[in-house]
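One letter stands for each residue in the lines below.
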Amino acid sequence: MPSASLSDLFSLPAFSCLFLVFLIALVNVFVGINVHPQNKQQKHLHRYLYYAVLAGYLIFLGINYSQSNWVEYAVLFYFLTVVPLVKGINVTLHAILSSIGLVMLVVMALRLF
């Protein structure tokens, strides 16, 4: 569905939801970069923001259910498996793969055009 302007694009509920998910994920990356191992509050905030990203993406899938395909579910699978599992292996790799997740969210938003 091609949109003529930004107002047309933001009037799509799926795009607005995905944009909010992207912003939360971006904040989560910045929080994750600044997490200190001794600070439990930052760790909890990082975890809750991750859950908010997952919940928002699930809402996006619910809104866009009739037009969803396997790529959108593959992104969900990526956020559910790759991002949390890599955290235990290497924190730097976790940050890089989380940033790739941000790129995937942008690709999902571009697909809505």
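Residues numbered from 1 in each chain as written. Predicted model: local features only at pLDDT ≥ 70, side-chain atom pairs only at ≥ 80, totals over all residues. Heavy atoms only, no water.

Caption draft 1: View of the confidence of the model for the protein. Taken as a whole, the protein shows an average pLDDT of 87; of its residues, 96% reach a score of 70 or greater. Helix 1 (residues 6-10) is the least confidently modelled element of the protein, averaging 77 in pLDDT, while helix 3 (residues 40-63) averages 93, the highest of any element. (pLDDT = per-residue confidence, 0-100. Helix = DSSP H or I, 4+ residues; strand = E, 2+ residues; numbered from the N terminus.)

Caption draft 2: Main features of helix 2 (residues 13-33). Helix length check: helix 2 (21 residues) gives 30 Å between terminal C-alpha atoms against 30 Å at 1.5 Å per residue, within 8%. Buried residues along helix 2 sit in contact with helix 1, helix 3 and helix 5 (91-111). (Expected span 1.5 Å × (residues − 1). Contact = heavy atoms within 4.5 Å.)

Caption draft 3: View of the nonpolar core. If you look at the biggest cluster of nonpolar residues, it comprises 27 residues, and the most contacted ones within it are Phe15, Leu18, Tyr57, Phe60, Phe79, Leu105 and Leu112. Counting residues per element, the ones that place at least two in this core are helix 2, helix 3, helix 4 (70-87) and helix 5. Sort the elements by how many residues they give to this core and helix 2 lands first, with seven residues. With residues up to four places along the chain from it excluded, the contact list for leucine 105 reads Leu18, Val21, Phe22, Ala25, Tyr57 and Phe79. (Core = buried A, V, L, I, M, F, W, Y, C linked by side-chain atoms within 4.5 Å. Buried < 20%, exposed > 50% of the residue type's maximum accessible area, 1.4 Å probe, protein only.)

Caption draft 4: Region of interest: the side chain of glutamate 72. Along the chain, the position of glutamate 72 falls in helix 4. For the buried glutamate 72, no salt bridge is present, and the opposite-charge side chain at shortest range is arginine 111, 5.0 Å distant. Ignoring sequence-local partners within four residues, the contact set of glutamate 72 consists of Tyr57, Phe60, Leu61, Asn64, Gln67 and Met108. (Lys, Arg positive; Asp, Glu negative; His and termini not counted. Salt bridge = Lys/Arg side-chain N within 4 Å of Asp/Glu carboxyl O.)

Caption draft 5: Inspection of the packing of helix 2 against helix 3 at higher detail. For the pair helix 2 and helix 3, interaxial distance at closest approach is 9 Å and the crossing angle is 165°. Between helix 2 and helix 3, the angle is such that the two are roughly antiparallel. Judged by the sense of rotation from one axis to the other, the crossing of helix 2 with helix 3 is left-handed. Between helix 2 and helix 3, the residues in contact are Pro13, Ala14, Cys17, Leu18, Val21, Ile24, Ala25, Val27, Asn28, Val31 and Gly32 and Gln42, Leu45, His46, Leu49, Tyr50, Ala52, Val53, Gly56, Tyr57, Ile59, Phe60 and Ile63, respectively. Its residues assigned to classes, the contact of helix 2 with helix 3 comprises 18 nonpolar, five polar and no charged. (Axes fitted to C-alpha atoms, helices over the stretch in contact; angles between N-to-C directions. Parallel < 35°, antiparallel > 145°, perpendicular 65-115°, else oblique. Left-handed = near helix turned anticlockwise from the far one by under 90°. Nonpolar A, V, L, I, M, F, W, Y, C, P; charged D, E, K, R; others polar.)

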